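Letter by letter, the chains look like this.
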Amino acid sequence: MLAATIYGLPAVHGEGPLSHSVSLLILAVVLVLGACAPATGSQQSPSQGGLSGEIRIGAVWSLTGGGAVYGASQQKAAELAVAALNDGSYLGSGKITLITEDDRSTKEGAQAAFEKLINQDKVVALLGPTLSANALAADPIAQAKKIVVLGVSNTAGGITEMGDFVFRNSLPESAVQPNTIKATQTKLGYKRVALMYGDDDAFTKAGYDVFKAALDQAKVEILTTETFKRGDTDYSAQLTKIRTLNPDAIVVSALAEEAAGIMSQARQLGIPATVRFIGGNGFNSPQLAKLAGPAAEGAISGAAWFVAGSTAPNKTFVDAYRTKYGASPDQFSAQAYAGVYLMASALKSANSSNPLAIRDALLKMKDVDTVLGKFSFSPGREPIHDPVVQVIKNGEFALFQ
Ligand code: 1QQ
């Protein structure tokens, strides 16, 4: 901003001694003004209120590595939302600039992205990062700088507990999966299951804890608990053991790539399609059905959103996404899109890009119309809305009912 302001002043390009001292004076004034300006990337000072000029928001997605199946959808949807808001002059003369970074699905990548966006780009708020494991590593950086970070796909425990600038609009596994077990157990009547989970990832571990408690509550017998790691490709030892135990269903807490490997190999090893897979948020990418093919048929997962939701904001979003990208959005794109809107709505109601004002405005959000439905934040900065249960049918998500 400083450089742009200086280069915008023709006087500094004069030649003689007078113009030289004038240009030094202007430079000094600009430097002082620059130092007083909000570290926000927008053009107005916080005390003035109002929104004008560029308002920078950072987005940290996993665009490469194991989380990319989710991050790619988030990036597309966030860009769509920002374009719609700016085109419609939602913030008057204020325009959102979204600065996106790839965390490469790693903690270090997320931390470096947060540092760059906060310290160098001077963003007023952050969206992301994609994976809970990386949020747990990077969000404390935003909290320490008192910059709001809104997770739009973090579903593990311990996220909002990191501090009063940490929000999420993604329903945690604890708010979704007890309902998944209840609904599927009632309908399918399973009594004996095998449980599998990744024991080296915050999300997959959190999902395991929630599924275990919900299965115990439903008095479903857990025949065995098998673990794996991120990036594993051979599940034959675990699945061979599970096959001999002959469970009614297999409950899996995994990210999509590992889930796809487990499903494909289970069917190859002869575990029949009648033994359904039941899982958590990791299953909610359409990439799962693409990667696992027919082996993913019938897989059930708890989710925060369903593509055919009939509310007006959702229809507008789904149509706009299909028109722009030629494919249907998924839950991760819906949550990212809602995240941008919630942030913009906070900026608008605060009528300021001051990070503290954004935080306070987000906290006040009640029954906001979003693509996720009527949306509110709890006092603990957690999302409040209803979950759904979906099932893969002919390679697409359908409602489980
Ligand atoms: C998390 C998740 C992943 C499945 C998707 C981003 O929910 O890491 O919290």
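For clarity, every value in this text was computed on a predicted model and none was experimentally measured.

Counting its regular elements, the protein contains 13 helices and 15 strands. By residue count, 53% of the 401 residues in the protein fall in the buried class. The long-range share in the protein, meaning contacts at least 24 apart out of those at least 6 apart in sequence, stands at 68%.

A full pass over the atoms with the stated rule returns 11 salt bridges. Between Asp-164 and Arg-359 there is a salt bridge, and its shortest N-O distance comes to 2.9 Å. Of this pair, Asp-164 sits in the loop between β4 (148-151) and β5 (166-168) while Arg-359 sits in helix α13 (residues 355-363), and the two are 195 residues apart along the sequence. Looking at Asp-164, the relative accessible area reads 34%, which means it is partly exposed. The salt bridge partner of Lys-229 is Asp-199, with a shortest N-O separation of 2.7 Å. Of this pair, Lys-229 sits in the loop between β7 (221-228) and α8 (236-245) while Asp-199 sits in the loop between β6 (192-198) and α7 (202-217), placing them 30 residues apart in sequence. The exposure class of Asp-199 is partly exposed, given its relative accessible area of 25%. Shared partners join several salt bridges into a network, and the residues in it are Glu-101, Lys-116 and Asp-121.

Taken together, the 5 strands give an open sheet; going across it, the order is β2-β1-β3-β4-β5, and neighbouring strands pair in parallel fashion. Unpaired on one side and paired on the other, β2 (93-102) and β5 mark the two borders of the sheet. The mean angle between the axes of side-by-side strands here comes to 25°, regardless of whether they run parallel or antiparallel. Alignment of strand β3 (residues 125-127) against β4, held across 3 bridges, turns out to be parallel. What sits directly across from Ala-125, in β4, is Val-148. Packed onto the sheet, helix α3 (residues 68-87) meets β1 (52-61) and β2 and runs at close to 170° relative to β2. In this fold helix α12 (residues 331-350) packs onto β1, β2, β3 and β4, with an angle of close to 165° to the strand it touches most, β3.

A word on unusual backbone geometry. Of note, the amide linkage connecting Gly-128 to Pro-129 takes the cis form, showing an omega dihedral of -15°. When you line up the elements, Pro-129 lands in the loop between β3 and α5 (132-144). At Ser-105, a position not held by glycine, the phi torsion is positive, near 65°. Considering the arrangement of structural elements, one finds Ser-105 in the loop between β2 and α4 (107-120). With phi around 50°, Asn-394 is a residue other than glycine that occupies positive phi space. Tracing the backbone shows Asn-394 in the loop between β14 (388-393) and β15 (396-399).

Next up on the list: the site of the ligand. As a matter of local geometry, the ligand sits amid 13 residues, with Thr-130, Ser-132, Ser-153, Thr-155 and Asn-281 nearest to it. Separating an oxygen atom of the ligand from a side-chain N or O atom of Ser-132 is a distance of 2.4 Å. Within the backbone of Ser-153, one N or O atom sits 3.1 Å away from an oxygen atom of the ligand. For the ligand, whose accessible area on its own is 280 Å², the fraction buried by protein is 100%. The cavity that encloses the ligand is the largest cavity. Class assignment for the residues of the shell around the ligand results in 6 nonpolar, 7 polar and no charged.

With that settled, consider the environment of Thr-227. Note that Thr-227 resides in strand β7. Overall, Thr-227 belongs to the partly exposed group, its relative accessible area being 33%. Between the C-alpha atom of Thr-227 and that of Ala-254, which follows or precedes it by 27 residues, the distance is 9.9 Å. Setting aside residues up to four positions removed in sequence, Thr-227 forms contacts with Tyr-197, Asp-199 and Gln-238.

Criteria and cut-off values
Residues numbered from 1 in each chain as written. Predicted model: local features only at pLDDT ≥ 70, side-chain atom pairs only at ≥ 80, totals over all residues. Heavy atoms only, no water. Helix = DSSP H or I, 4+ residues; strand = E, 2+ residues; numbered from the N terminus. Buried < 20%, exposed > 50% of the residue type's maximum accessible area, 1.4 Å probe, protein only. Contact = heavy atoms within 4.5 Å. Salt bridge = Lys/Arg side-chain N within 4 Å of Asp/Glu carboxyl O. Pairing = 2+ DSSP bridges. Axes fitted to C-alpha atoms, helices over the stretch in contact; angles between N-to-C directions. Near = heavy atom within 4 Å. Polar contact = N/O pair within 3.5 Å; in protein donor to acceptor, adjacent residues only side chain to side chain. Areas by Shrake-Rupley, 256 points an atom, 1.4 Å probe, with all protein chains shown as cover. 1 Å grid on protein atoms, 1.4 Å probe; cavity = no way out; pocket = protein on both sides within 12 Å on 5 of 7 lines; lining within 4 Å. Sits in = over half its atoms within 2 Å of the grid points. Nonpolar A, V, L, I, M, F, W, Y, C, P; charged D, E, K, R; others polar.

Taken by themselves, the reported measurements are silent on function.
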